[in-house]
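# Coordinate inspection notes
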Amino acid sequence: MDDEQRMNLAVLPTIPRRYAEGRLLRAPQSAGFDDWTLARCRAFQRITPNGSGLIDLADQAQTHQTERQHTG
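Counting starts from 1 at the beginning of each chain's written sequence and moves along it residue by residue. At least 70 in pLDDT is required for a residue's local features to be given in this predicted model, at least 80 for side-chain atom pairs to be given and counted, and no such filter applies to totals for whole chains, interfaces and linings, which use all residues. The basis for the side-chain values is all heavy atoms of the structure; hydrogens and waters are excluded.

Helix and strand definitions follow DSSP, with helices as H or I runs of at least four residues and strands as E runs of at least two, each counted in order from the N terminus. From N to C terminus, the chain includes three helices and zero strands. Reading the chain from its N terminus to its C terminus gives the helix and strand order α-α-α. Carbon and sulfur atoms make up 58% of the accessible area of the chain, which totals about 6,300 Å². Per-residue and other accessible areas follow the Shrake-Rupley method at a 1.4 Å probe size, with only the shown protein chains counted as cover for residues.

The next thing to look at is helix α1 (residues 14–30). For α1, spanning 17 residues, the distance from its first C-alpha to its last is 24 Å, which sits close to the expected 24 Å at 1.5 Å a residue. Each residue's exposure class comes from its accessible area (1.4 Å probe, protein chains only) as a fraction of the maximum for that residue type: buried when under 20%, exposed when over 50%, partly exposed otherwise. All of the buried residues along α1 are T14, E21, G22, L25 and P28. Buried residues of α1 fall within an arc of 135° about the axis and therefore sit on the same side. Seen from the buried face of α1, the exposed residues on the opposite side, beyond 90 degrees, are P16, Y19, R23, L24 and S30. Packed against the buried residues of α1 are α2 (38–45). Looking one or two residues past α1, G32 carries a phi angle of roughly 105°, positive in sign. What a helix is expected to span follows from its residue count: subtract one and scale by 1.5 Å. The arc in question is the one spanned by the directions pointing from the helix axis to the C-beta atoms. The contact definition used throughout considers only heavy atoms, calling two residues in contact when any of these lie within 4.5 Å.

Turning next to the side chain of E21. Within the secondary structure, E21 sits in helix α1. Here E21 falls in the buried class, since its relative accessible area comes to 10%. Every residue in contact with E21, bar those within four places of it in the chain, is listed here: L38, R42 and Q45.

Attention now goes to the packing of α1 against α2. Geometry is summarised by axes, namely lines fitted to C-alpha atoms with helices restricted to the contacting stretch, and by angles between N-to-C directions that run from 0 to 180 degrees. Contact pair α1 / α2: the axes reach a minimum separation of 11 Å and the direction vectors enclose 105°. On the basis of their axis angle, the class for α1 and α2 is roughly perpendicular. Residues R17, R18, E21 and L25 of α1 touch α2, and the partners they reach there are L38, C41, R42 and Q45. Basically, the charged four are Asp, Glu, Lys and Arg, the nonpolar ten are Ala, Val, Leu, Ile, Met, Phe, Trp, Tyr, Cys and Pro, and anything else, Gly included, counts as polar. Partitioned by chemical class, the residues of the contact of α1 with α2 number three nonpolar, one polar and four charged. Oblique is the label for every angle not falling under 35 degrees (roughly parallel), over 145 degrees (roughly antiparallel), or within 65 to 115 degrees (roughly perpendicular).

Bringing a nonpolar patch on the surface into the picture now. Like-charged residues within 9 Å of one another, or nonpolar side chains (Val, Leu, Ile, Met, Phe, Trp, Tyr) within 5 Å, are grouped into patches, provided each residue has over 30% relative accessible area and no salt bridge. For this document, the term salt bridge refers to a Lys or Arg side-chain nitrogen within 4 Å of an Asp or Glu carboxyl oxygen. A cluster of nonpolar side chains, contributed by M7, L9, L12 and I15, occupies part of the molecular surface with about 410 Å² of accessible area. In this structure, L9 sits in the segment before α1. Using a relative accessible area of 67% as the deciding quantity, one classes L9 as exposed.

Our focus in this paragraph is the confidence of the model for the chain. pLDDT: the predictor's confidence for each residue, scored from 0 to 100. The predicted model of the chain averages 78 in pLDDT, with 79% of residues at 70 or higher. Taken element by element, the predicted model of the chain shows its lowest mean pLDDT in helix α3 (residues 54–71) (68) and its highest in α1 (87).

Below you can see the structure in the form of structure tokens.
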């Protein structure tokens, strides 16, 4: 296997999750809800049952981005 085909093992678990996200996102879009985006869905996933402040959501997004940089 050459360097172009080599994949970081930390990325491997994200492949099925991203596939599922894509399928789940396409369902409402095909029903006419075309304003749904993957970024919005990911933000909604992080809202707690009691509500989340914008600062909390931004902190979580920054943490997630930092994790991706370290594993990517």
